[in-house]
Amino acid sequence: MTLLKKTSALLGATVMTALVALGAGSAAHADDRLKGKRVIFVPIAMGISLTEGWSRRMAEQAELFGIEYEVRDAAFDMKAMSELFASAINDKPDIIVAHNPTVQLLARQIKKAEESGIKVMQINLSSVQNSTAFVGADWNRIGREIAEDIVKQCGEGSGKSGKVAIVPGQLTAADSVLMNDAAFEVFKGHPEIEVVSNQASDWEPEKARQITSTVLQQHPDLCAVFGHWGVHTIGAGNAVKDAGKQDDVLVYATGGGNRLICDNIEQGVIDRYWSYNADGQGRDAATMMRVILQGAAPKEGEMLRVDSPLIVITEENYSPSLCWDMPS
Amino acid sequence: MSGRSIESLVLALALAAAVIFAVFVNGFASWQNVSNLAQNSASLTILSCGMAVVIITRGLDLSQIAVMVAASTAFGILLTGGYGVPAALAVALVAAVMLGVVNGWLVAYFEIPSLLATLATAMLITGGSRWAILQGEFLVLLPKDNPFIAEISSGRILGVPLSVAVAVAILAVTGILLSQTIVGRTVYAMGDNIGAARLSGLPVRAVTLVAYVFAALTALIAGLIVASSSGAVDFRTVTNGTLLFEVIMVVVLGGVSLRGGRGSVLSIIAGVFLIAVLRNGMTLMNLSTQAQGLVLGMTLITAIVIDNYRNPRDPETETQGDL
Amino acid sequence: MSSTDAPTSISTRARLKTPLAVVSFRRVVSDLLNRNWIEGAIPFIAFFILVAVVLTTTDDYFSLSNLNTLTRYFSDVALVLLAMLLVVAIGGIDLSVGSNYALCVLASLYLFHIVELPTFLVLPLAILCGAAVGLINGILTGVLGCGALLATLGTMITFRGLFVICSQASLVEISTSFRADPVWDFFGFDDFFGMPFSFWIFAAVAVVLYLMFRHSRFGWHILAVGGNRKAARHAGVPINRVILLTYVAAGALVGFAGFLYAARENSAGSDTGVGLEFFVLTGLVVGLGGFVPGRGSVFNALIGFATIFLLNNALRNAGFRGDFVQASMGFILVAVLAIDMKYRKERHRLLARAYLDPAPLALAPVMELGDLAPGKGANKLAEATLIAAGKIDGPEDVILDREGHLYCGTRDGRIMRLRAPDYTEVETFAKTGGRPLGMAFDAEDRLVVCIAGMGLYRLSGAGEIERLTSQTARSWTSLEDDRAIRMADDLDIAPDGRIFFSDATKRYEMETWAVDLLEGRPNGRLLCYDPKTGATTTVCDHLHFPNGVCVSHDGRHLLVVSTTLCSVMSFDLDRIEDGPREFITGLPGYPDNINRASDGGYWIALAGMRSPALDLAMQDPALRVRMAKRVPPTNWLFANLNVGGVLKCSANGTIEDAYWDAPEGPLYMITSMREHRGALFLAGVLNDKIGRLALTGADPAWTAPNSYWPR
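Keep in mind the model is a prediction, meaning the values are calculated, not measured. (Residues numbered from 1 in each chain as written. Chains lettered and ligands numbered in written order. Predicted model: local features only at pLDDT ≥ 70, side-chain atom pairs only at ≥ 80, totals over all residues. Heavy atoms only, no water.)

1. Some details on the overall build of chain B
So the rule is basically this: Secondary structure counts use DSSP, requiring at least four H or I residues in a row for a helix and at least two E residues in a row for a strand, with both numbered from the N terminus. Using C-alpha atoms as the atom set, the radius of gyration is obtained and then compared with a globule rule of 2.2 Å times the number of residues to the power 0.38. A simple rule labels every residue: compare its accessible area, found with a 1.4 Å probe on the protein chains alone, to the largest value its type can have, and call it buried under 20%, exposed over 50%, or partly exposed in between. The contact criterion used is simple: two residues touch if any of their non-hydrogen atoms lie within 4.5 Å. Shrake-Rupley sampling with a 1.4 Å probe provides the accessible areas, and residues are treated as covered by the protein chains on show and by no other component. For this count, His and the chain ends are skipped, Lys and Arg are scored as positive, and Asp and Glu as negative. Charge coordinates come from a single atom per side chain, which is NZ of Lys, CZ of Arg, CG of Asp or CD of Glu.
Across its full length, chain B carries 15 helices and four strands. For a compact globule of 323 residues, the expected C-alpha radius of gyration is about 20 Å, and chain B comes in at 19 Å, within 12% of that figure. In terms of overall dimensions, chain B has C-alpha extents of about 60 × 50 × 35 Å along its principal axes. For chain B, the residues scored as buried account for 60% of the 323 residues in total. A fraction of 77% describes how many contacts in chain B between residues 6 or more apart in sequence connect residues 24 or more apart. On chain B, roughly 11900 Å² of surface is accessible, and the fraction owed to carbon and sulfur atoms is 70%. With 14 positive and 14 negative side-chain charges, chain B shows a separation of 2 Å between the mean positions of the two kinds.

In structure tokens:
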């Protein structure tokens, strides 16, 4: 980084801080009720663009309104997650934001939290247990839409083989289960579509790459790869690219639309990307947080729901403005 | 000797598996698939070379994958930060060597059992590099359009993919190191009986350092290959541990004893060959990664049992629990 | 013969002060290094520091409700830790605990939610599932003899694969089941006396394991096999069976833990239990300070694990992110291992350097001996006749019974009898197993012996040995546990039957007693054993190498020799708690035993002679520290033990006569002597003979047994 860049970054930061401070001043006048409220976010792991994006937006708003905001990082450790969630309940915050790794893991604790008066907001991945609110993507819809697109591109009349390789993260993860269910439901009506591989990549790009390159080997006429998450699908896309089949095989992926992943569409590693825009989800979550703190409550047995709008990014409509950046 | 015959046994097994797959699995016996198989197992081969040297000294390097990820992270960050390839490579090289030195130092000078020392450094390196270099991120994406990275991932030398050529080169280096150099002889002597090696004046500590630095260097090279071809460095490669266990499995399957002093570069080739054939065949059969794990685990257990049957330990020489 | 004024003059001598405690930094360091618990104290201290830090930096982290939560999540992993402790104690390792755990979680969930078995059937089946995995590990490692690391690596990968395949089929179905059961919830969710029920289960298991390692044959076998497999096999321990059973037990514990997890979470994911083996191993390493086979320290292991667990939870709770937490875990692990290894390596060196702890000591100047000084007259001991030359080895003391038979101890632990009158025949009277030193006859003519390294023993007429005491009360001013009597040196018996004996030094052994002299600290003590009550009491602690003990002729005083101070002190037997008084100071040599003489006086053996150089060195502890550090022990300054002799003093302590040994022998380093019917019998701890010297002017009828217990 040059000195000039550094100085301007510093200047920018100072200006931003000043603006935020000004904003905080006026906002505090507007809504003193939220001051001193407490929100705890328990993510599956920090350090991925999704959670970082959400957390940034929530923290921003929390600071603005004088809400105490904390993060308890489970770092991909499910046992730690339930432990941290239990501790969070003991801390008696006003809201716990839950990021469910499986539909069952936190169910009891969400119930317990709600019973003790803590509002639970589930983010992106839902539990079987209903709580006050849910903000996130509709996995069913994503799975269905991608499957329908695959049918359109590879199915009858396309002249393609109809062979599809699915590369889920883990077969048991909530989003993978929902998307696969929806996709197979669609494929059921289209016997020409053949799922030739459905091997979990453990969310790792390298594993996805190896699986995909082997599948390509066996099925050189593969029509589409459906990667459940943008991050590991990069590996799958690279396998396609390295095999020189970039123009023959469609690579589908989903994700939060962070620039790092998004850029891969421009490079042709990923062809079609269903983005639920994590940055937007972050704002939704922050808004929901404030709405709940102001006393909003769902009807008995229901949840306040905000389903994230989806943007389908393809090579054709790609523009940098469709992706978002994490400020460094 | 019996050690050698284990290698031929494993090679024969791998060949048998290859023949079976070729007959029964569609697409296995194609030139393209063989090339694919070789490319996919290049990084595993390279890692196994480093691990084998450490294991022959009667050590173990549980931090190898952590070093691999940390070094390629440093490389990736510098590259995306606009530094040139030489600078990024130099920094990654220095980082890898330093981490290897730390491992060797803890094992050689503090005499901490290698299992524990490298378990600890693996945690330290993984957490530390994420914390210090990545500010907590899990992932570094590499610019695929960088010519250096493109060269590694799809370049060819004399028609051989670059990664495979590098793997062969590393195998050759390992072979020479183990069989033609003083370091190699010391490595075997240490694995056989570290007390005797020390008493006869061999530079035991220095060679331990060399072994761990070598392991770290192989980690760096393998890391560059993996990162270039998949376009990303992912820290979950460390946390879920499967790659590490696969490396140990490869080394051990080929007849490199965890009790040290046994095995050669042939063992690595045999082990990699078996694992690669099994993996590739099973992937072609659309077996899930987990089912593959099951088969590989059982293969490992069988190999251990056979090895133990052929080279039973002498109950008169064992003292404390021999791991 | 006895002068009546002697006792009064003894009773009015100057009081001697004995310190209440030895205060020395070196002493504290060396005592601490010597303690076994110091190793276990390190994780303990770490734990308490951590608790203190968390307490001061958080508001109510240790609130009851959070403690409840913490223990709930602690319990099942702690069970896995105990399983790991078991296999590590036997010298193995179990990398498959994580996979086993996951498998048992799945089995529990499947049996409960899908088969819908009652909970009391699910629990044993889950344990059985774990034990089955343990059985496979045990067969591989114990029966087939494969290396534990590899074998369990294999089972780890295999069972992980099995778990994931099985879970894919059933997890979705499990997650949609809504079966609830009060017993199931009781295990997973409910409290019992304010704590989670799972915590009580864990605590019970921990206690059982603790008792097993301490008190059961199986536990001892585990430790024996872990400590040294070859030795255990040679001792007849059924190694293969013990290893097999240990792995099965460990597997069963993991199964129990899996059941608890299942009951609590009602859920499993494909990564359940991933990395558990390393987490548990980290805790174990922090608790045990490394990887120590053959040690089943349940408590230490749990403290170490609690430290790791708490640190992990507290850091994340404080908002630190996973990467930082992981890095700090790694750092702590490296630090613990490095410190521990350094400590293990340096401990003995450090201990050896810190152990010798010299103090400044100014000895009273050598008394004027006039004509009695060595070299002035003939060396009278050269005239002694020799008894049993070459037949006995190292008689420290010699004693004669009423019939005139002679008894002495030897270096190999026997007590020999030489029959009167010619003392040619040497027979073994008793075998003690220690190093017999001072002796005395009690009122019933039974021989009472001080045995270095063992304590105070009594021999019957037939030579049967009976222990009187080997311990006294612990002194509370010493870090070292000083209950054991380390070097019982000499004794005498008061008219009321109480046995007074000296424990010459609490810090050195028979072979290194001379180093105690060099240290110049009050490391010895005077003890009393009362046969009526069987109690042993410390009469006077912190004496400078108390050696010979003798009850005065009138039975009212106790004379105690201090070898280091070259003096003799006296105690008033009626007011023994008043402490010692001065009796003789400034002796020319290092006195050893003291015994009655027929004329009402006393014989004092001088084992060696003082030298001005050593006297001066004793005033300068730094010099002696330097000497001990720089010079090999063979070249250290030492007391001159080559020449010595016997002094005769009167009842009030005036030296009346001296019997010096000749530099060329045949007797040297006299440590004891007894007068019997006009002759003096001489013994030396390094001699291979006993000397007999006819005395002129002594009462030819006087015998010591008669003097003590007249008949």
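Here the narrative resumes.
2. Regarding the sheet that holds strand S15 (residues 535-543) of chain C
Working definition: the strands of a sheet are paired by backbone hydrogen bonds and lie parallel or antiparallel to each other. Residues and elements named next belong to chain C. Rules: What makes two strands pair is DSSP finding at least two bridges between them. For helices, the axis comes from a line fit to the C-alpha atoms of the stretch in contact; other axes are also lines fit to C-alpha atoms, and the angle between any two N-to-C directions lies between 0 and 180 degrees.
With respect to topology, four strands assemble into an open sheet ordered S12-S13-S14-S15, the strand pairing being antiparallel. Edge strands, defined here as strands with exactly one partner in the open sheet, are strand S12 (488-493) and S15. Taken over all neighbouring pairs, the strand axes of this sheet differ in orientation by 20° on average, direction set aside. Pairing of strand S14 (residues 524-530) with S15, which is carried by seven bridges, proceeds in the antiparallel orientation. For Asp 530, the partnering residue across the bridge sits in S15 and is Ala 535.

3. Some points on a negative patch on the surface
Residue and element names in this part refer to chain A. The condition that has to hold: Like charges are joined within 9 Å and nonpolar side chains (Val, Leu, Ile, Met, Phe, Trp, Tyr) within 5 Å, but only among residues with over 30% relative accessible area and no salt bridge; these make up the patches. Should a side-chain nitrogen of Lys or Arg be within 4 Å of a carboxyl oxygen of Asp or Glu, the pair is scored as a salt bridge.
Side chains of Asp 247, Asp 248, Glu 315 and Glu 316 sit close together on the surface and give a patch of like negative charge. Of note, Asp 247 is situated in the loop between helix H8 (230-242) and strand S9 (250-255). Since its relative accessible area comes to 76%, Asp 247 is described here as exposed.

4. Description of the interface of chain B and chain C
To keep things clear, this is the line we draw: Two N or O atoms count as a polar contact when they lie within 3.5 Å, although within protein this holds only if one can serve as hydrogen donor and the other as acceptor, and sequence-adjacent residues are included solely when both atoms are side-chain atoms. The classification used treats Ala, Val, Leu, Ile, Met, Phe, Trp, Tyr, Cys and Pro as nonpolar, Asp, Glu, Lys and Arg as charged, and all other residues, Gly among them, as polar.
On the chain C side, the residues contacting the 53 residues of chain B number 54 residues. Our count for the contact surface shared by chain B and chain C stands at one salt bridge. Its salt-bridge partner being Lys 345 of chain C, residue Glu 111 of chain B comes within 3.6 Å of it at the nearest N-O pair. Here chain B and chain C share five residue pairs in polar contact (both at pLDDT 80 or more) between them. Of all the secondary structure elements, the ones that give two or more residues to the side of chain B that touches chain C are helix H6 (114-132), helix H13 (242-253) and helix H15 (289-310) of chain B. Here the side of chain B that touches chain C takes 13 residues from H6 of chain B, the largest share from any one element. Considering only residue class, the side of chain B that touches chain C consists of 29 nonpolar, 15 polar and nine charged.

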